[in-house]
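Observations on the three-dimensional arrangement
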Amino acid sequence: MSAVRFVAIGDSFTEGVGDELPDGRVRGWADIAAQGWADAVGHPIQYANFAIRGKLAWPIVEEQLEPALELGPTHLSFNGGGNDVMRPRTDVEHIADTFSRVLRRCDEQGVTLIVLSGTNPAGQLPMGSLIQRRGDALSEAVVRRIDGRDDVIRALNWPDRELSAGAYWSEDRLHMNANGHHRVAARVLNALGYEPPSEWWAPAERVAGGSGFAYYRQHVGPWVKRRITRTSSGDGRTAKYPTWVERVPQ
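Scoring rules and cut-offs
Residues numbered from 1 in each chain as written. Predicted model: local features only at pLDDT ≥ 70, side-chain atom pairs only at ≥ 80, totals over all residues. Heavy atoms only, no water. Buried < 20%, exposed > 50% of the residue type's maximum accessible area, 1.4 Å probe, protein only. Helix = DSSP H or I, 4+ residues; strand = E, 2+ residues; numbered from the N terminus. Pairing = 2+ DSSP bridges. Core = buried A, V, L, I, M, F, W, Y, C linked by side-chain atoms within 4.5 Å. Contact = heavy atoms within 4.5 Å. Salt bridge = Lys/Arg side-chain N within 4 Å of Asp/Glu carboxyl O. Axes fitted to C-alpha atoms, helices over the stretch in contact; angles between N-to-C directions. Left-handed = near helix turned anticlockwise from the far one by under 90°. Nonpolar A, V, L, I, M, F, W, Y, C, P; charged D, E, K, R; others polar.

Some words on the pairing of strand β1 (residues 5-9)
Here β1 lies mainly inside the structure; 4 of its 5 residues are buried. Alignment of β1 against strand β2 (residues 45-49), held across 4 bridges, turns out to be parallel. Bridge pairing in β2 places V7 opposite A48. With 4 bridges connecting them, β1 and strand β3 (residues 75-78) associate as parallel partners. Bridged to I9 within β3 is F78.

Set out below in structure tokens:
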């Protein structure tokens, strides 16, 4: 029986924003995949999650990677760049270099890397065409960074056109809802060689996104204010699982 110690680093995508539980905690694809992984192998696994919403790609690497590696994981997942591509000035190749850094450090530590590309919200956001172009470029640049590395586990969500449908997104149109996070978790388990529950691939219910002035007031306005004030939705937040928690088969 091989021990599994899975640690995730990233931003709101990996923290689980948009998939809020009744008690207010966020869950998200990484939590779902960790439980599904334990169920699939039939024994407990260790899981940690350092992701914090609002983080740019390089701060993710600079702040989360080494603490994550210090835990001695067998697997480390990384996604970043979603916040970068929405900034006025973006260097896609520089963002993609974070994936090279993470891969190098995983190689040095003997850790299996799980690379994820984010989901595509461009069709429902202001400036969607710009986000689409940058997201396409980033996705291609990341794939180039891992070209020829069959040992890197790939869960690439950006090309998944189904995931762009409104049924997978929360009211802010920027973060996935529970449907989206389950679909991403299904892709991760599939990439690991396990069969996820079939219902994870399809939405359990359709959630209507915000629209009109209310949407701009509740979601776009606060985002613009943070850009002007150079603040982040993750300011003051800490990782939800900075040490190992055990997930047991259910």
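Brief notes about the nonpolar core
Counting 34 residues, the largest nonpolar core has I9, L76, F78, V102 and L113 as its most contacted members. Contributing elements (two or more residues each) for this core: β1, α3 (57-70), β3, α4 (92-109), β4 (112-117) and α5 (128-145). Discounting residues that sit within four places of it in the chain, L113 has contacts with L76, F78, V102, L103, C106, V152 and I153. Residues V4, W29, A34 and V184 belong to the second largest nonpolar core, which totals 30 residues.

Re the pattern of salt bridges
Any two side chains of opposite charge can pair, given that their charged atoms come close. Scanning all chains against the criterion turns up 15 salt bridges. In this structure, R145 and D97 form a salt bridge, with 2.9 Å as the shortest nitrogen-oxygen distance. Placement of R145 in helix α5 and of D97 in helix α4 is noted, with a sequence separation of 48 residues between them. Judged by its relative accessible area of 32%, D97 falls in the partly exposed class. A salt bridge links E108 to R105, with the nearest nitrogen and oxygen atoms 2.6 Å apart. Placement of both E108 and R105 in helix α4 is noted, with a separation of 3 residues, approximately one turn of the helix. Classification of E108 as partly exposed rests on a relative accessible area of 47%. Here the salt bridges share partners, and the residues they tie into one network are E66, R104, R105 and E108.

Topic: the sheet that holds β4
The sheet built from 6 strands is open, its strands ordered β5-β4-β3-β1-β2-β6 with mixed pairing. Only two strands of the sheet have a single partner each, and these edge strands are β5 (153-156) and β6 (241-247). In this sheet, neighbouring strand axes are inclined to one another by 20° on average, regardless of whether the strands run parallel or antiparallel. Its contacts with the sheet put helix α6 (residues 178-192) on β3, β4 and β5, and the angle it makes with β5 is roughly 155°.

Thoughts on the environment of L138
Along the polypeptide, L138 turns up in helix α5. Residue classification places L138 among the buried residues on the basis of a relative accessible area of 10%. It is 8.9 Å that separates the C-alpha atoms of L138 and S117, two residues lying 21 residues apart in sequence.

Topic: the packing of α4 against α5
Interaxial distance between α4 and α5 falls to 9 Å at its minimum, and their mutual angle equals 30°. Every pair of crossing elements has a handedness; the one defined by α4 and α5 is right-handed. Counting all contacts with α4, which are made through V92, E93, I95, A96, D97, F99, S100 and L103, the residues of α5 involved are R134, A137, L138, A141, V142, R144 and R145. Among the residues forming the contact of α4 with α5, the class breakdown is 9 nonpolar, 1 polar and 5 charged.

Describing the environment of L113
Positionally, L113 belongs in strand β4. By relative accessible area, L113 is classed as buried at 3%. Expressed as a C-alpha distance, the spacing of L113 and L103, which sit 10 residues apart in the sequence, is 6.7 Å.

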